[in-house]
Amino acid sequence: MGLFEDLKVLGVDVDGGLKRIGGNEALYKRLLNTFVKAMKGQQVSPDFDTNDYEDVKEKAHAIKGTSGNLSITPVFEAYSQIMDLLRAEKPEEAKEILKKVIPVQEEIVACIEKYAE
């Protein structure tokens, strides 16, 4: 299997992502590599301070946007929930979602890195 097939197995809407950028596969691959770099720079730890999480909100918002633009559905949906919970001042519940999504996002990042040119 190739990158796109492997990503589909992980729940990424590759067809939707390609559609957003006019079907340009080379551009989509470059954007996926940019996503990997962004994820490494915007990591959110599940042990954040529940009394001061503005930085977490900013990072989660950035991840949500980037993953949404590329149709990386599992990450986008989880960070959408995380953002909603943080805005509702429910950081403990947000932490639980974060603990579940981190292994998923790590698997997606590893998959993209495996095929990086």
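Keep in mind that this is a model prediction, so the values were computed, not measured.

Undergrad: Before we go on, may I ask you to explain the packing of helix α3 (residues 25-41) against helix α6 (residues 91-114) in this structure?
TA: When two helices pack together, you describe them by how their axes are tilted relative to each other and by the distance separating the axes. Here α3 crosses α6 at 135 degrees, and the two axes come no closer than 10 Å. Relative to α6, the element α3 is oriented oblique. Considering how the two elements wind past one another, α3 and α6 form a crossing that is left-handed. On α6, the residues that touch Leu32, Asn33, Phe35, Val36, Met39 and Lys40 of α3 are Gln105, Ile108, Val109, Ile112 and Glu113. Counted by class, the contact of α3 with α6 contains seven nonpolar, two polar and two charged residues.

Undergrad: Hey, could you run me through unusual backbone geometry in this one?
TA: In most cases, non-glycine residues show a negative phi, while peptide bonds are predominantly trans. In this structure, Ser71 takes a positive phi of about 60 degrees despite not being glycine. With respect to the helices and strands, Ser71 occurs in the loop between α4 (54-69) and α5 (73-87). You will see that Glu89, though not glycine, has its phi angle at about 60 degrees, which is positive. Inspection of the secondary structure puts Glu89 in the loop between α5 and α6. According to the relative accessible area criterion, Glu89 is exposed, its value standing at 64%.

Undergrad: Just to check I follow, could you spell out the packing of α5 against α6 for this structure?
TA: Interaxial distance between α5 and α6 falls to 9 Å at its minimum, and their mutual angle equals 165 degrees. By the criterion of interaxial angle, the relationship of α5 to α6 is roughly antiparallel. Taken as a pair, α5 and α6 cross one another with a handedness that is left-handed. When α5 is examined against α6, the residues Pro74, Val75, Ala78, Tyr79, Gln81, Ile82, Leu85 and Leu86 are found in contact with a partner set consisting of Pro91, Glu93, Ala94, Ile97, Leu98, Val101, Val104, Gln105 and Ile108. Its residues assigned to classes, the contact of α5 with α6 comprises 14 nonpolar, two polar and one charged.

How each quantity is defined
Residues numbered from 1 in each chain as written. Predicted model: local features only at pLDDT ≥ 70, side-chain atom pairs only at ≥ 80, totals over all residues. Heavy atoms only, no water. Axes fitted to C-alpha atoms, helices over the stretch in contact; angles between N-to-C directions. Helix = DSSP H or I, 4+ residues; strand = E, 2+ residues; numbered from the N terminus. Parallel < 35°, antiparallel > 145°, perpendicular 65-115°, else oblique. Left-handed = near helix turned anticlockwise from the far one by under 90°. Contact = heavy atoms within 4.5 Å. Nonpolar A, V, L, I, M, F, W, Y, C, P; charged D, E, K, R; others polar. Buried < 20%, exposed > 50% of the residue type's maximum accessible area, 1.4 Å probe, protein only.

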